[in-house]
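# Per-entry structural report
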Amino acid sequence: MPIDIVTAYLAPEGLVHPLVQELNGETAVHGRLVLSPLAAQKAHWAENVWLAPKKIPVQSISDAARKLKALQRNWWLYSFHLHRRAALIQEQLPHVSARPLFFPAPLPASPLGSWTLLDAHTLLASARCTSPFPNGTVNFVEDREGPPSRAYLKLWETWTRFQRHPRPGEFCLDAGGSPGGWAWAAAALGARVLSVDRAPLAPKVMSLPGVSFQKGDIFSLKPETLAGREPVVHWLLSDVICYPEKLFDWVVGWLESGMCENFICTLKFQDGANYAIANRFADLPGGQVLHLYYNKHELTWVRLAPAPTSDTVSGT
Ligand SMILES: C[S@@+](CC[C@H](N)C(=O)[O-])C[C@H]1O[C@@H](n2cnc3c(N)ncnc32)[C@H](O)[C@@H]1O
């Protein structure tokens, strides 16, 4: 029997399994879209969550377009079958730009709904979704000259999603920074970066103003060692390839030190991994765990200092 649909979760390409695993209750899977009869729940692996999906009977392609437009202006299709029919409906809807963004970019100003065809005569449409981006996809115009790896796209995505990034002069500790994509991205914003890795940075990153490098094991770098040199870590960035459990213990030490303002850490999983550690990161106060479009078999833990209020900024 089909389930009542109360929420829907869109999994990243190839990652339906961990998403289904983390959701409570029965689910129905259509391509990458996972339907649930339960209210919105924690879903680290979802690229987008449809918060208010409605089943809408439709007579024809134009009837479907009319009914969607009556709900709101902007819609994005997720198509898992009946592709031709779905595309014909989408063509009758107002154009929504999915052009790649130039970093830094603001968030899209207008809400974006998501819809699909459950069958030829039934839409599933949600005017409210967690992501303002088409199917949760944040695409950037890439810099193919400056950075030595594409890993910087994870930072660009996080900084864009939260509309926060390092400011000129802020200090970033870049754990597992080789070959230097993250250091390049932070230095390009005028931040000072200390990258720590067993492998060196690419020479073109090493020579950037504000970038320094320390060879070695990041897990042996403790807050008290750095404190004499840099009392405040404005951004603790980690892209270290390691067991997330090991990263957790290290990060907790930095959290407890009170020296760090903002954290962005990649949690890397092996196939068949136990994802329970993601909940331990998510439970750290003030943080959240999410799957970025530019993450592969990874999650990202983000914990930002409270945003400065306008009073703080103006000093009044
Ligand atoms: C995915 S790469 C980082 C890519 C980098 N963020 C960039 O933007 O180019 C992961 C790095 O973690 C480093 N790594 C793994 N274990 C480490 C450890 N214990 N200490 C320091 N670096 C480590 C590896 O040497 C590797 O360079």
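Our subject in this report is the structure included herewith. Just so we're clear, the structure is a prediction, and the values are computed from it rather than from any experiment.

### Concerning the packing of aromatic side chains
Under the definition given, this model contains 19 aromatic pairs. Summarising the aromatic geometry, the rings of Phe-281 and Trp-301 are spaced 5.5 Å apart at their centres and angled 55° between planes, so their arrangement reads as tilted. Placement of the pair is Phe-281 in helix H9 (residues 276–283) and Trp-301 in strand E15 (residues 298–303), with a sequence separation of 20 residues. The pair formed by Phe-281 and Trp-301 is uniform in burial state, with each residue classed as buried.

### Considering the pattern of salt bridges
Following the criterion strictly, the structure yields 12 salt bridges and no others. Notably, a salt bridge pairs Glu-142 with Arg-144, separated by 3.8 Å at the nearest N-O pair. The exposure class assigned to Arg-144 is exposed, which follows from its relative accessible area of 68%. Across the salt bridge formed by Glu-142 and Arg-150, the nearest N and O atoms sit 2.7 Å from each other.

### A short note on the environment of Arg-99
Along the chain, Arg-99 falls in the loop between helix H3 (83–91) and strand E7 (113–119). Placed 39 residues apart in sequence, Arg-99 and Ser-60 show a C-alpha to C-alpha distance of 30 Å.

### Notes on the sheet that holds strand E8 (residues 122–126)
Strand order across the open sheet formed by four strands is E5-E8-E7-E6, with mixed pairing between neighbours. Looking at the sheet topology across the chains shown, the edges are occupied by strand E5 (53–57) and strand E6 (75–77). In this sheet, adjacent strand axes meet at a mean angle of 30° when their direction is disregarded. Across three bridges, the pairing between E6 and E7 is parallel. Within E7, the position partnered with Trp-76 by the bridge is Ser-114. Of the strands in this sheet, E5, E6, E7 and E8 touch helix H2 (residues 61–71), which is tilted by about 145° from E5. Each of E6, E7 and E8 touches H3; the most contacted strand, E7, lies at about 145° to it.

Definitions and limits used
- Residues numbered from 1 in each chain as written.
- Predicted model: local features only at pLDDT ≥ 70, side-chain atom pairs only at ≥ 80, totals over all residues.
- Heavy atoms only, no water.
- Phe/Tyr/Trp six-rings, centres within 6.5 Å; stacked < 30°, edge-to-face > 60°.
- Helix = DSSP H or I, 4+ residues; strand = E, 2+ residues; numbered from the N terminus.
- Buried < 20%, exposed > 50% of the residue type's maximum accessible area, 1.4 Å probe, protein only.
- Salt bridge = Lys/Arg side-chain N within 4 Å of Asp/Glu carboxyl O.
- Pairing = 2+ DSSP bridges.
- Axes fitted to C-alpha atoms, helices over the stretch in contact; angles between N-to-C directions.
- Contact = heavy atoms within 4.5 Å.

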